[in-house]
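# Structural characterization, general
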Amino acid sequence: MRIITRLADLREETVRLRHHGTLALVPTMGALHEGHLTLVREARAAAASVVVSIFVNPRQFGPNEDLDAYPRQLERDAQALQGEGVTVLWAPEPGEVYPPGYATNISVAGVSSGLCGGDRPGHFDGVATVVCKLFNQVRPDMAFFGEKDWQQLAVIRRMARDLDLTFPPVEAIHGVAIVREADGLAMSSRNAYLSPVQRTAAAALPRAMREAISALQSGSPAAEALAGMRSRLAAAGFDPVDYAELRDGESLQEVERPGPATRLFVAARIGTTRLIDNMAVGARQ
Ligand code: PAF
């Protein structure tokens, strides 16, 4: 595996790799866990070469968010990626991605609003902007993202469709199912912030979501099922619940009555750590 930090070297290497076949990109912010490694394995199975980017993107963090505290462990991440047979680790410094005078922003309306877009103003502009740049830097045939950040995936697909991106085309932007710990908690780099007591309590999040989904499937009104879930989360120590909503999995429009494509989306804080999760409510995943 080659570790590259300069854009000029990346361009040279990706031109060379493209002669050997297809190229997949797995964009990450590092602090890699099994969820990321699952994306890497899917990418490896699908493409001749795999580029993983590690870049803690300052533009997607709000002024009061955890940019400085965000876990950084490049050496450990590089070892894990080497073990997975990754071809290139693209690890630029912020100045390489946003040189002095950088002035462009990509803003995706509609799917960016509400949910995490409501709680984190500007977050999805930062995500869309950096992902568009990463796509242009690497020019991959395909890209892989985790479904834990379902809204992020919807934003990226909308951007790719609207901007007629061809590297990769929207059909080659793949979502990979959430990887969960044994107690059901969705894997996330932010789980590292949890104290042992909070970590145990955090398992209440997926549990309460499953209970709400069974209530909905047995015909409980949405408001009642969501209120029950909020109370169970509060009892487990989540405060506040930033949102708990039923939305269509594709358009991300709010739905009153669950249908086959409905998903349950939740963000809730335990201590200072904000956890998000989403699950299918209807038959369609
Ligand atoms: O999901 C993430 O880790 C980040 O939002 C991404 C897609 C790498 C963009 O910085």
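Residues numbered from 1 in each chain as written. Predicted model: local features only at pLDDT ≥ 70, side-chain atom pairs only at ≥ 80, totals over all residues. Heavy atoms only, no water.

## So, the packing of aromatic side chains
Throughout the structure, instances matching the rule amount to 4 aromatic pairs. Ring plane angle 50° and centroid distance 6.1 Å describe the contact between F55 and Y98, whose orientation is recorded as tilted. Taken together, the residues F55 in the loop between β3 (49–54) and α3 (74–83) and Y98 in the loop between α4 (94–97) and α5 (115–119) connect sequence positions 43 residues apart. What makes Y98 buried here is its relative accessible area of 13%. Summarising the aromatic geometry, the rings of F61 and Y70 are spaced 5.7 Å apart at their centres and angled 75° between planes, so their arrangement reads as edge-to-face. Exposure remark for F61: the relative accessible area of 10% places this residue in the buried category. For Y70, a relative accessible area of 7% translates into the label buried. Grouped by ring-pair contacts, the aromatic residues F55, Y98 and Y102 constitute a single cluster. Lying over the aromatic face of Y98, R59 brings its terminal NZ or CZ to 5.2 Å of the ring centre. Lying across the ring of W150, R263 places its NZ or CZ 3.7 Å from the centre. (Phe/Tyr/Trp six-rings, centres within 6.5 Å; stacked < 30°, edge-to-face > 60°. Helix = DSSP H or I, 4+ residues; strand = E, 2+ residues; numbered from the N terminus. Buried < 20%, exposed > 50% of the residue type's maximum accessible area, 1.4 Å probe, protein only. Lys NZ or Arg CZ within 6 Å of the ring centre and 35° of its normal.)

## Some words on the sheet that holds β3
The 6 strands lie next to each other as β1-β4-β3-β2-β5-β6, forming an open sheet whose pairing is parallel. Pairing within the sheet leaves two strands with one partner each, and these edge strands are β1 (2–4) and β6 (173–176). Within this sheet the neighbouring strands show an average axis-to-axis angle of 25°, counted without direction. Where β1 and strand β4 (residues 88–90) come together, 3 bridges link them in parallel fashion. By the bridge assignment for β4, I4 is matched with W90. Strands β5 (142–146) and β6 of the sheet are contacted by helix α7 (residues 150–162), whose axis makes an angle of about 170° with β6. (Pairing = 2+ DSSP bridges. Axes fitted to C-alpha atoms, helices over the stretch in contact; angles between N-to-C directions. Contact = heavy atoms within 4.5 Å.)

## Some remarks on the site of the ligand
Lining the immediate environment of the ligand, one finds P27, T28, M29, N57, Q60, V130, V131, F145, D149 and Q152. Between Q60 and the ligand, the recorded distance is 2.6 Å, taken from a side-chain N or O atom to an oxygen atom. Between Q152 and the ligand, the recorded distance is 2.7 Å, taken from a side-chain N or O atom to an oxygen atom. Protein coverage of the free-state accessible area of the ligand, which is 290 Å², stands at 90%. Those elements giving two or more residues to the shell around the ligand turn out to be β2 (23–28) and α6 (123–138). (Near = heavy atom within 4 Å. Polar contact = N/O pair within 3.5 Å; in protein donor to acceptor, adjacent residues only side chain to side chain. Areas by Shrake-Rupley, 256 points an atom, 1.4 Å probe, with all protein chains shown as cover.)

## Concerning the environment of T272
Structurally, the position occupied by T272 is in the loop between β8 (262–270) and β9 (273–280). On the basis of relative accessibility, which here comes to 78%, the residue T272 falls in the exposed class. Placed 227 residues apart in sequence, T272 and A45 show a C-alpha to C-alpha distance of 38 Å.

## Details of the sheet that holds β9
Pairing between the strands of a sheet comes from backbone hydrogen bonds, and it takes one of two forms, parallel or antiparallel. Read from one edge to the other, the open sheet built from 3 strands follows the order β7-β8-β9, with strand pairing classed as antiparallel. Strand pairing shows two members of the sheet lacking a second neighbour, β7 (241–248) and β9, which therefore form its edges. Strand-to-strand twist of the sheet, defined as the mean angle between neighbouring strand axes without regard to direction, takes the value 10°. Here β8 pairs with β9 via 8 bridges, running antiparallel. Residue pairing for β9: F265 is matched across the bridge by N278. Across the sheet, helix α10 (residues 222–236) is in contact with β7 and β8; its angle to β7 comes to roughly 150°.

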